[in-house]
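Next come the chains, spelled out residue by residue.
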Amino acid sequence: MRHLMILLVVACTPIASAAPAETGSGTTARFEHDMLVRMHMHENFGLVRAIEHLLVRGKLDDAKQLARGISQAPDEPGTSAWTIYATRVRDRAGAIANAATVDDAVHAVARLGAACAECHTATGATPDLAVAPTAPADSDALAARMMRHRWAADRLWEGLIVPSDDTWNAGLDVLAAAPLPASELGKTREPLARKLQRTADRARTTKPQDRAQVYGDMLATCAACHTQAR
């Protein structure tokens, strides 16, 4: 449980901020600390994404179990500039763990991402994320369109937590494209695809501080589609 908390809390540590010059053992200690934080941040990125992916597939109980471990972790010793954000992350993980529905949980995940963005903005930190791959080629095949949606969701998450306007808009460009017809999606999923398109269009003018809400709305639509019978 303590390990899970470390994974999430370090996402709000100013890993990319320039530190005051230090000498001797202080420089070594700072270097070793920053390297550990970077490693944990990458692990945390995967953990939160795993929670989101479980929710999109309707696996609420599994996602809540992961989130509960984060929310119940003990406070880390000492104090720092990001202590307030660590507390906020635990609280928002608790909202996921206590969610009664998938819709509630995905919106809580989005608010957790917003807490990361608040920390990054306040501390001047920039997450060290891998270079995004090129968007998958589009076609009228359902599998190809779903690959593009998965790519777009990754860009939206990165755009939310960094935060980054360019990355956020790259994801929206894909999701705002005309959806496949009902003949490909099925009569129950086609309206959800159109709802996702409309939400992506609306998200283009969303202020950065309001992105968590619209991201949660899109995740809720994705979850409804993935758990809907054709």
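Residue indices begin from 1 for each chain and proceed along its sequence in written order. Side-chain atom pairs in this predicted model are given and counted only at pLDDT of 80 or more, local residue features only at pLDDT of at least 70, and totals for whole chains, interfaces and linings cover all residues. Here the side-chain values reflect all heavy atoms present in the structure, with hydrogen atoms and water set aside.

**Details of the overall build of the protein chain**
Next up, step 1: The helix and strand labels rest on DSSP assignments: H or I over at least four residues marks a helix, E over at least two residues marks a strand, and numbering proceeds from the N terminus. Looking only at helices and strands, the protein chain has ten helices and zero strands in total.
Next up, step 2: Reading the protein chain from its N terminus to its C terminus gives the helix and strand order α-α-α-α-α-α-α-α-α-α.
Next up, step 3: The classification of residues rests on relative accessible area computed with a 1.4 Å probe and restricted to protein chains. Under 20% of the type maximum is buried, over 50% is exposed, and intermediate values are partly exposed. Burial status across the protein chain gives 45% buried among its 230 residues.
Next up, step 4: Restricting to contacts in the protein chain with at least 6 residues of sequence separation, those with at least 24 account for 70%. The criterion used for residue contact is that any of the two residues' heavy atoms lie within 4.5 Å.

**Digging into the packing of helix 7 (residues 165-175) against helix 9 (residues 190-203)**
Next up, step 1: Viewed as axis vectors pointing N to C, helix 7 and helix 9 meet at an angle of 150°, and their least axial separation amounts to 9 Å. For the crossing formed where helix 7 meets helix 9, the hand is left-handed. Residue-level contacts link Trp168, Leu172 and Leu175 of helix 7 to Leu196, Gln197, Ala200 and Ala203 of helix 9.
Next up, step 2: Residue polarity is assigned by list, with Asp, Glu, Lys and Arg as charged and Ala, Val, Leu, Ile, Met, Phe, Trp, Tyr, Cys and Pro as nonpolar; anything else, Gly included, falls into the polar class. Among the residues forming the contact of helix 7 with helix 9, the class breakdown is six nonpolar, one polar and no charged. Between N-to-C directions, angles cover 0 to 180 degrees, with each direction set by a line fitted to C-alpha atoms, over the stretch in contact for helices. Handedness of each helix crossing follows the sense of rotation of the near helix against the far helix: counterclockwise by less than a right angle gives left-handed, clockwise gives right-handed.

**Focus: helix 3 (residues 60-71)**
Next up, step 1: Counted at 1.5 Å a residue, the expected span for helix 3 with its twelve residues is 16 Å, and the 16 Å between its end C-alpha atoms agrees.
Next up, step 2: Listed as buried for helix 3 are Leu60, Ala63, Lys64, Ala67, Gly69 and Ile70. In a helix, the anticipated span is given by 1.5 Å times the number of residues less one.

**Details of the packing of aromatic side chains**
Next up, step 1: Centres within 6.5 Å make a pair out of two Phe, Tyr or Trp rings, where for Trp the six-membered ring is used; the pair is then stacked when the planes are under 30 degrees apart, edge-to-face when over 60, and tilted otherwise. Counted by the stated rule, this structure contains one aromatic pair.
Next up, step 2: Measuring from centroid to centroid gives 6.0 Å for Trp157 and Tyr215, while their planes differ by 40°, and the two rings are tilted. Within this pair, whereas Trp157 is found in helix 6 (residues 142-161), its partner Tyr215 is found in helix 10 (residues 211-226), the two being separated by 58 residues in sequence.
Next up, step 3: Residue Trp157 is classed as buried on the basis of its relative accessible area, which comes to 3%.

**Brief notes about the environment of Leu112**
Next up, step 1: Relative to the assigned elements, Leu112 resides in helix 5 (residues 102-123).
Next up, step 2: Sequence-wise, Leu112 and Arg88 are 24 residues apart; in three dimensions their C-alpha atoms are separated by 8.1 Å.

**Structural notes on the packing of helix 3 against helix 4 (residues 83-97)**
Two measures define how a pair of helices packs: the angle their axes make with one another and the distance between the axes.
Next up, step 1: Put simply, helix 3 and helix 4 touch, their axes get as near as 8 Å, and they point 150° apart. Compared by their axis directions, helix 3 and helix 4 come out roughly antiparallel. The chirality of how helix 3 crosses helix 4 is left-handed. For the pair helix 3 and helix 4, the contacting residues are Lys64, Ala67, Arg68, Ile70 and Ser71 in the first and Arg90, Ala93, Gly94, Ile96 and Ala97 in the second.
Next up, step 2: In terms of residue class, the contact of helix 3 with helix 4 is built from five nonpolar, two polar and three charged. By definition in this entry, angles of less than 35 degrees are roughly parallel, angles greater than 145 are roughly antiparallel, angles of 65 to 115 are roughly perpendicular, and the rest are oblique.

**So, the pattern of salt bridges**
Next up, step 1: Whenever a carboxyl oxygen of Asp or Glu lies within 4 Å of a side-chain nitrogen of Lys or Arg, that contact is scored as a salt bridge. Inspection of the entire model under this criterion finds eleven salt bridges.
Next up, step 2: Between Arg145 and Asp138 there is a salt bridge, and its shortest N-O distance comes to 3.1 Å.
Next up, step 3: Relative accessible area serves as the criterion here: at 9%, Arg145 is assigned to the buried category.
Next up, step 4: Of the residues examined, Asp138 reaches a relative accessible area of 41% and is grouped as partly exposed.

**With respect to unusual backbone geometry**
Next up, step 1: The step from Val162 to Pro163 runs through a cis peptide bond, and the omega angle for that step is -15°.
Next up, step 2: Positionally, Pro163 belongs in the loop between helix 6 and helix 7.

**Brief notes about the nonpolar core**
Next up, step 1: If you look at the biggest cluster of nonpolar residues, it comprises 42 residues, and the most contacted ones within it are Ile51, Leu55, Ile96, Trp168, Tyr215 and Met218.
Next up, step 2: Secondary-structure elements contributing two or more residues to this core are helix 2 (25-56), helix 3, helix 4, helix 5, helix 6, helix 7, helix 9 and helix 10.
Next up, step 3: Apart from residues no more than four positions distant in its own chain, Ile51 is found in contact with Ala63, Leu66, Ala67, Ile70, Ile96 and Val109. Here, the term nonpolar core denotes a set of buried Ala, Val, Leu, Ile, Met, Phe, Trp, Tyr and Cys residues that are joined through side-chain atoms within 4.5 Å.

**So, the confidence of the model for the protein chain**
Next up, step 1: On average, residues of the protein chain carry a pLDDT of 81, and 75% of them reach 70 or more.
Next up, step 2: Summary of the metric used: pLDDT quantifies the predictor's per-residue confidence within the range 0 to 100. Taken together, the stretch residues 1-23 has pLDDT below 50 and engages in 68 contacts with residues farther than four places along the chain or on a different chain.

**Looking at the side chain of His107**
Next up, step 1: Its place among the elements puts His107 in helix 5.
Next up, step 2: Here His107 falls in the buried class, since its relative accessible area comes to 10%.
Next up, step 3: Each polar contact in these results corresponds to two N or O atoms within 3.5 Å; when the atoms are within protein, one needs to be able to donate a hydrogen and the other to accept it, and residues that are neighboring in sequence are counted only if both atoms are side-chain atoms. At 2.7 Å, the side chain of His107 and the side chain of Asp217 are in polar contact.
Next up, step 4: Other than its neighbours up to four places away in sequence, His107 contacts Gln213, Gly216, Asp217 and Ala220.

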